[in-house]
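Spelled out, the chains give:
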Amino acid sequence: MLTSVQDLSGIEEPKVDLDAKTLAAGIDPEKLSLQAIVSAIRGEENTYDARLIIALAEKPSAADLDAFREAAIEQGVRAVSEPDKKFRLLLTFHMDATTRLDSLLSAAKAKGLVLRSQP
């Protein structure tokens, strides 16, 4: 899995934790769609499932979350979960679309979601 992700143009310093089933990396949104990352993780035989987690600083209002869902769907997102107890949203994607992380995060902010800062 790491080799496929490392080979992507636009990904920087990927760190894979197989036990936690996570990938952390810098992404150049001009070069790389989220679907390209998901495809690299899944591999040729769709061995691995892949989703994006957006960490929020606080629980969003139902109206803000619904507004973000609508904006995300327009960008190729298939579904956005309810926030878990740590205010994380789980996103899945239509694989025949192109979704850019920077556009998705901008939509989240524009719809009133407060993103958690990364350490």
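Residues numbered from 1 in each chain as written. Predicted model: local features only at pLDDT ≥ 70, side-chain atom pairs only at ≥ 80, totals over all residues. Heavy atoms only, no water.

Student: Would you mind showing me how to read the overall build of the protein chain here?
Tutor: Across its full length, the protein chain holds 4 helices and 5 strands. Tracing the protein chain from N to C terminus, the helices and strands come up as α-β-β-α-β-α-β-β-α. Here the protein chain holds 119 residues, and 33% of them are scored as buried. Partitioning the intrachain contacts of the protein chain with sequence separation of at least 6 by distance along the chain shows that 53% fall at a separation of at least 24. About 7,600 Å² of surface is accessible on the protein chain, with carbon and sulfur atoms providing 47% of the total. (Helix = DSSP H or I, 4+ residues; strand = E, 2+ residues; numbered from the N terminus. Buried < 20%, exposed > 50% of the residue type's maximum accessible area, 1.4 Å probe, protein only. Contact = heavy atoms within 4.5 Å. Areas by Shrake-Rupley, 256 points an atom, 1.4 Å probe, with all protein chains shown as cover.)

Student: Hey, could you run me through the environment of T92 in this one?
Tutor: Structurally, the position occupied by T92 is in strand β5 (residues 88-93). The spatial distance from the C-alpha of T92 to the C-alpha of S81 is 8.9 Å, given a sequence separation of 11 residues. When neighbours within four sequence positions are excluded, T92 is seen to be in contact with R51, V77, R78 and A79.

Student: What exactly am I supposed to notice about the pattern of salt bridges here?
Tutor: As enumerated under the stated definition, the model contains 4 salt bridges in all. The salt bridge partner of E13 is K15, with a shortest N-O separation of 3.8 Å. Residues E13 and K15 agree in their burial class; the two are exposed. Between R88 and D84 there is a salt bridge, with its nearest N and O atoms 2.8 Å apart. On the basis of relative accessibility, which here comes to 32%, the residue R88 falls in the partly exposed class. Through salt bridges with shared partners, a single ionic network connects D66, R69 and E82. (Salt bridge = Lys/Arg side-chain N within 4 Å of Asp/Glu carboxyl O.)

Student: Explanation requested: the nonpolar core in the structure shown.
Tutor: Soluble, globular proteins show a tendency: their nonpolar side chains are buried together. L52, F68, V80, L89, L91, F93 and L104 are the most contacted members of the largest nonpolar core, which has 26 residues in total. Secondary structure elements with two or more residues in this core: α2 (34-42), β3 (52-55), α3 (62-74), β4 (77-80), β5 and α4 (101-110). If one sorts the elements of this core by residue count, α2 sits on top with 5 residues. (Core = buried A, V, L, I, M, F, W, Y, C linked by side-chain atoms within 4.5 Å.)

Student: Please explain unusual backbone geometry as it appears in this structure.
Tutor: Trans peptide bonds make up the majority, and among non-glycine residues the majority have a negative phi. Of note, the phi angle at E13 is positive, near 50°, even though the residue is not glycine. Here E13 falls in the exposed class, since its relative accessible area comes to 62%. With a phi angle near 65°, F87 is a residue other than glycine that sits in the positive phi range. Following the sequence through the fold, F87 ends up in the loop between β4 and β5. Exposure remark for F87: the relative accessible area of 29% places this residue in the partly exposed category.

Student: What should I look at first to understand α4 in this one?
Tutor: Residues lying three or four places apart along an α-helix face the same way, a consequence of the helix completing one turn every 3.6 residues. Within α4, burial applies to L101, L104, A107 and A108. Buried residues in α4, looked at end-on, bunch into an arc of 125°, giving them a common side. Across α4 from its buried face, at more than 90 degrees, point the exposed residues K109 and A110. Summarising the contacts, the buried residues of α4 are in contact with β2 (22-27), α2, β3, α3, β4 and β5. Of the residues one or two after α4, G112 is the one with positive phi, at around 95°. (Arc of directions from axis to C-beta.)

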